[in-house]
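Listed below, chain by chain, are the residues.
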Amino acid sequence: MPIPDHLVEEIRQRADLVEILSEHTRLKRTGKTWRGPCPLHGGEGPNFSVDPAKGFYKCFTCGEAGTVYNFMMKHLGMTFPEAVRWTAARVGVEVPDERDRERDREEDPNRVLYEVNGFAAQWFREQLASPAGQRARDYLARRGITPESIERFGLGWAPEEWDAFGNAARKAGFHTADLLTVGLVKEAKKTGREPYDAFRGRVIFPIEDLGGRVLAFGGRVLEQVEEHVPKYLNSPESPVYSKGRTLYGLGWSRGSIRREEVALVVEGYMDYVSLAAHGVTHAIAPLGTAMTEEQAALIANYAPRAILLYDSDKAGLKATFRNGDQLLRAGVEVLVATLPEGEDPDSLVRAQGADALRRYLSDSLDIMDRKIQLLDRKGLFTSIKGTRRAIDVLLPTVRAARDAVVRGLYLKRISDRTSVPVETLEAEANAVTEQPRTFAQVHDQRRREREAGRGPRFQADLSRYESRPEEREQRSSPQKRLRMGAERDLLMMMFHSERWVEECAKFVGPDEFEDPDYRRLFRVLIETEGQRDPEGLWLLNFPEDLAGDVEAIRQRVEHHDWSGEQRFFAENMDKILARPAEKEGRDIKHDAPTDDTVDQDILERMRDQLAFRRENKHLKIKHGILDPNDPILRGERRY
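What counts as what
Residues numbered from 1 in each chain as written. Predicted model: local features only at pLDDT ≥ 70, side-chain atom pairs only at ≥ 80, totals over all residues. Heavy atoms only, no water. Pairing = 2+ DSSP bridges. Helix = DSSP H or I, 4+ residues; strand = E, 2+ residues; numbered from the N terminus. Axes fitted to C-alpha atoms, helices over the stretch in contact; angles between N-to-C directions. Contact = heavy atoms within 4.5 Å. Salt bridge = Lys/Arg side-chain N within 4 Å of Asp/Glu carboxyl O. Buried < 20%, exposed > 50% of the residue type's maximum accessible area, 1.4 Å probe, protein only. Phe/Tyr/Trp six-rings, centres within 6.5 Å; stacked < 30°, edge-to-face > 60°. Lys NZ or Arg CZ within 6 Å of the ring centre and 35° of its normal. Lys, Arg positive; Asp, Glu negative; His and termini not counted. Polar contact = N/O pair within 3.5 Å; in protein donor to acceptor, adjacent residues only side chain to side chain. Arc of directions from axis to C-beta. Disulfide = S-S within 2.5 Å. Parallel < 35°, antiparallel > 145°, perpendicular 65-115°, else oblique. Nonpolar A, V, L, I, M, F, W, Y, C, P; charged D, E, K, R; others polar. Core = buried A, V, L, I, M, F, W, Y, C linked by side-chain atoms within 4.5 Å. pLDDT = per-residue confidence, 0-100.

Asker: It is not clear to me how the sheet that holds strand E10 (residues 214–221) should be interpreted in this structure. Could you clarify?
Answerer: Paired through backbone hydrogen bonds, the strands of a sheet run either parallel or antiparallel to each other. Ordered by their spatial adjacency, four strands build an open sheet running E6-E9-E10-E11, and the pairing between neighbours is antiparallel. Two strands bound the open sheet, and with one partner strand each, they are strand E6 (156–158) and strand E11 (232–234). Adjacent strand axes in the sheet meet at a mean angle of 35 degrees when their direction is disregarded. Bridge analysis of E10 against E11 gives three bridges, and the strand direction is antiparallel. Bridging across to E11, Gly218 finds its partner in Asn234. In the packing of helix H12 (residues 269–277) onto the sheet, the strands contacted are strand E9 (202–208), E10 and E11, and the crossing angle to E11 comes to about 100 degrees.

Here it is, written out as structure tokens:
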């Protein structure tokens, strides 16, 4: 069956001609076109011209010209249908062919997962367009998201029902196991119940690969919610989705990024869609707080320069400099745009339009200049101690710079501001090459450097992590530590992988950890998210008096069997979540009268306690045995 003409044209228009041809020759932008050696006749001069706006190429030496289809036929010997199908697969357009569909199903073990995600994306879109999606449509309209943008980015709506999507997917023939695999439904904690929908009452943002296949989803609530409910919720990693290897919006923006030769890096998909709706089309968004090496390399493939467009609050600046260093390591020039206080890219373009944003972009500073600017405002260069601290903050960016010239310019800039010779700065920057990996070794080296009169004498302020006096005086006894195994095991998971820091923080905070030392470790793990490095320098953030705890937990990481991580996490988290109910149970026993009188308040508390236990059997609530100070354990009371 021939491929319909309208589909042939749609595929051609969606294809990024520069990207495809760049895989066969070296192209460099010259004005509106790209030039390079002709791959068809093997030329060496820049006689091969590619016009991405027209979707056309031409060689001025051999005379060959045409579209992406002509190139694939000439250069790779494909037939026309093969060229169309190859390009269609590249841009994510499905060409109808029953034989191909059946063969792909057999060859790709993950095809059913892509089909599940595709079905979900369509179902969410239908809910947004339905009468039930009116509130979500109103919300998007208030945010300046036009119907055209909703259609372009495939936005949807997840109803607030607990099982609306799951029932629809099963009715369509999909298995619950596949829905669980991609995170569209979650296991019910109550036995005997069907899994429930993961996304409820949220605007849905499909996350796609470069070919347009749906990999995962992000969801945003419409309004302020309770503190324990996350504003943004993302799909977990799956066989088809790796958060650290995906950039939201790259499939739509890569052409614009190439043309502009710069990528705008924003915090999340809401910022991305809002900018695109207002005509700013060369943005991308990492799917998480910390940019990975793979994401930075992706950006480097499309643009030599990146402008970081994060909030100007403490968290935004932290993400700016952490991600900026990652981009420098990938060879990208990094600039930082500073928005007015209280503004983010979304709010700025909605209030003042895209032109206002472009003015701030044009005033962007190099990441090193922005760091120096902020340190100067804090007055760090007015004293020797402050200057030492400032240098410690600036040198990681010097080390991150892959380009030797940029590295030299950074050292010169620091030298000019601090009056420290370039040679001295360079020696210190180069000193961090082979760092010890264990916590104890890191601190031992730092102590030796101090005693020898070299190395950093000042470090980031860690006072917020230091234990309070009462905590130092009341270190947990070995007996009490035994009952804190859940806290220790969750810390072990957080040391094992940063993703468990994020998962733990969804349920509990450091204050829910009863052991004061474990509480301090949890605080530091949250604050250092995204700073882990192969050399182990991130361990310097932990107070030295916790060296034994850190090393013991990290040794457990190495010897633990990491199969069944989700179950292990759930079991330990349940133990901590059960504590309030266990304490209430002990309090009821303590307050209960010792004679035969009936206390109505106690009876009501007991009924509530029993009802809670029935509804939360998964918490495995114990009865009065967790508190070492419980009168029962001292033999003073018996029940």
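So that's the structure; there's more coming.
Asker: Can you walk me through the pattern of salt bridges in this structure?
Answerer: Note that side chains of opposite charge can pair when their charged atoms are close. According to the stated counting rule, one finds 25 salt bridges in the structure shown. The shortest N-O distance in the salt bridge between Arg358 and Asp355 comes to 3.1 Å. With Arg358 and Asp355 both in helix H16 (residues 354–362) and three residues apart, this pair spans about one turn of that helix. Among the residues examined, Asp355 registers a relative accessible area of 53% and is labelled exposed.

Asker: In this structure, what is going on with unusual backbone geometry? I would like to understand it.
Answerer: What you tend to see is this: most non-glycine residues have negative phi, and most peptide bonds are trans. Phi is positive for Glu261, close to 60 degrees, though the residue is something other than glycine. We classify Glu261 as partly exposed; its relative accessible area is 32%. Unlike most non-glycine residues, Ser419 shows phi in positive territory, near 70 degrees.

Asker: Would you mind showing me how to read the sheet that holds strand E15 (residues 305–308) here?
Answerer: Spatial strand order, E12-E14-E13-E15-E16-E17: six strands in an open sheet with mixed pairing. What marks the edges here is a single partner per strand, and that holds for strand E12 (247–248) and strand E17 (365–366). As defined by bridge partners, E15 adjoins strand E16 (residues 333–336) across four bridges and the pair is classed as parallel. Paired with Ile307 across the two strands is Leu335, which belongs to E16.

Asker: Would you explain the packing of aromatic side chains in this entry?
Answerer: Two descriptors summarise a pair of aromatic rings, namely the distance from one centre to the other and the angle between the planes of the rings. Counting across every chain of the model gives 23 aromatic pairs. Ring plane angle 70 degrees and centroid distance 5.5 Å describe the contact between Tyr232 and Tyr269, whose orientation is recorded as edge-to-face. Note that Tyr232 is positioned in strand E11 and Tyr269 in helix H12, a separation of 37 residues in sequence. In this structure, Arg200 is placed above the aromatic ring of Trp162, and the distance from its NZ or CZ to the ring centre is 3.9 Å. If you follow Arg213 out to its NZ or CZ, it ends over the ring of Tyr114, 4.0 Å from the centre.

Asker: Help me out: how do you make sense of the side chain of Asp325 in this one?
Answerer: Relative to the elements of secondary structure, Asp325 occurs in helix H14 (residues 314–329). Summary of buried charges: Asp325 has no salt-bridge partner, and the nearest side chain of opposite charge, Lys371, is 4.2 Å away. A polar side-chain atom of Asp325 sits 2.9 Å from a polar atom in the side chain of Thr397. Beyond its immediate chain neighbours, meaning those up to four positions away, Asp325 contacts Ile367, Lys371, Pro396, Thr397 and Ala400.

Asker: What is the right way to read helix H25 (residues 499–507) from this model?
Answerer: The periodicity of an α-helix, 3.6 residues per turn, causes residues three or four positions apart to be oriented the same way. All buried positions along H25 are accounted for by Trp500, Val501 and Cys504. Relative to the axis of H25, the buried residues are bounded by an arc of 105 degrees and lie together on one face. The elements touched by buried residues of H25 are helix H24 (485–496), helix H26 (516–527) and helix H28 (565–577).

Asker: Quick question: what am I supposed to make of the state of the cysteines here?
Answerer: Working definition of a disulfide: a covalent bond connecting the sulfur atoms of two cysteines. If you walk through the whole model with that rule in mind, you get zero disulfides. Here Cys59 stays free of any disulfide, with the sulfur of Cys62 as its closest cysteine sulfur at 3.5 Å.

Asker: Teacher, can you tell me more about the environment of Thr79 here?
Answerer: Within the secondary structure, Thr79 is located in the loop between helix H3 (68–76) and helix H4 (80–91). Relative accessible area serves as the criterion here: at 40%, Thr79 is assigned to the partly exposed category. Here the alpha-carbon distance between Thr79 and Tyr69, two residues 10 residues apart in the chain, equals 9.0 Å.

Asker: In this structure, what is going on with the packing of helix H15 (residues 345–352) against H16? I would like to understand it.
Answerer: At a closest axis distance of 7 Å, the pairing of H15 and H16 adopts a crossing angle of 130 degrees. If you check the angle between H15 and H16, you find them oblique. For the pair formed by H15 and H16, the contact residues are Leu348, Val349 and Gln352 on the first element and Ala354, Ala356, Leu357 and Tyr360 on the second. Residue composition of the contact of H15 with H16, grouped by class: six nonpolar, one polar and no charged.

Asker: Would you mind going over the nonpolar core with me for this structure?
Answerer: Soluble globular proteins: nonpolar side chains tend toward being buried together. With 63 residues, the main nonpolar core has Leu155, Leu184, Phe217, Tyr248 and Leu357 as its most contacted residues. The leading source of residues in this core is helix H6 (residues 111–129), at eight residues. If we ignore the near neighbours within four places in the chain, the residues touching Leu155 are Arg125, Leu128, Leu140, Ile145, Ile150, Ile204, Phe205, Pro206 and Val273.

Asker: In this structure, what is going on with the pairing of strand E4 (residues 56–59)? I would like to understand it.
Answerer: When a strand is regular, its side chains alternate between the sheet's two faces. Side-chain alternation along E4 places Tyr57 and Cys59 on a buried face and Phe56 and Lys58 on a face that remains uncovered. Looking at chain direction, strand E3 (residues 48–51) and E4 are connected through four bridges and run antiparallel. Bridged to Val50 within E4 is Tyr57. With antiparallel pairing between neighbouring strands as the criterion, E3 and E4 make up a hairpin whose turn holds four residues, including Gly55 at a positive phi of roughly 65 degrees. By the bridge criterion, two bridges tie E4 to strand E5 (residues 65–66) in an arrangement that is antiparallel. In the sheet register, Lys58 faces E5, and the bridge partner there is Ala65. In sequence, E4 turns back onto E5 through a hairpin of five residues, with Gly63 there showing a positive phi of about 85 degrees.

Asker: Help me out: how do you make sense of the environment of Arg322 in this one?
Answerer: Relative to the helices and strands, Arg322 is located in helix H14. For Arg322, a relative accessible area of 14% gives the class buried. For Arg322 and Glu529, which are 207 residues apart along the polypeptide, the C-alpha to C-alpha distance reads 10.0 Å.

Asker: Teacher, can you tell me more about the confidence of the model for the chain here?
Answerer: Low pLDDT marks stretches whose predicted atomic positions should not be read closely. Mean pLDDT for the chain: 81, with 79% of residues reaching 70 or above. Ranking the elements of the chain by mean pLDDT puts helix H31 (residues 631–634) last with 37 and E6 first with 97. A low-confidence stretch, residues 433–440 (pLDDT under 50), is modelled with 27 contacts involving residues beyond four sequence positions or located in other chains. A low-confidence stretch, residues 454–483 stays under pLDDT 50, and its non-local contacts, those more than four residues away or across chains, total 54 contacts.

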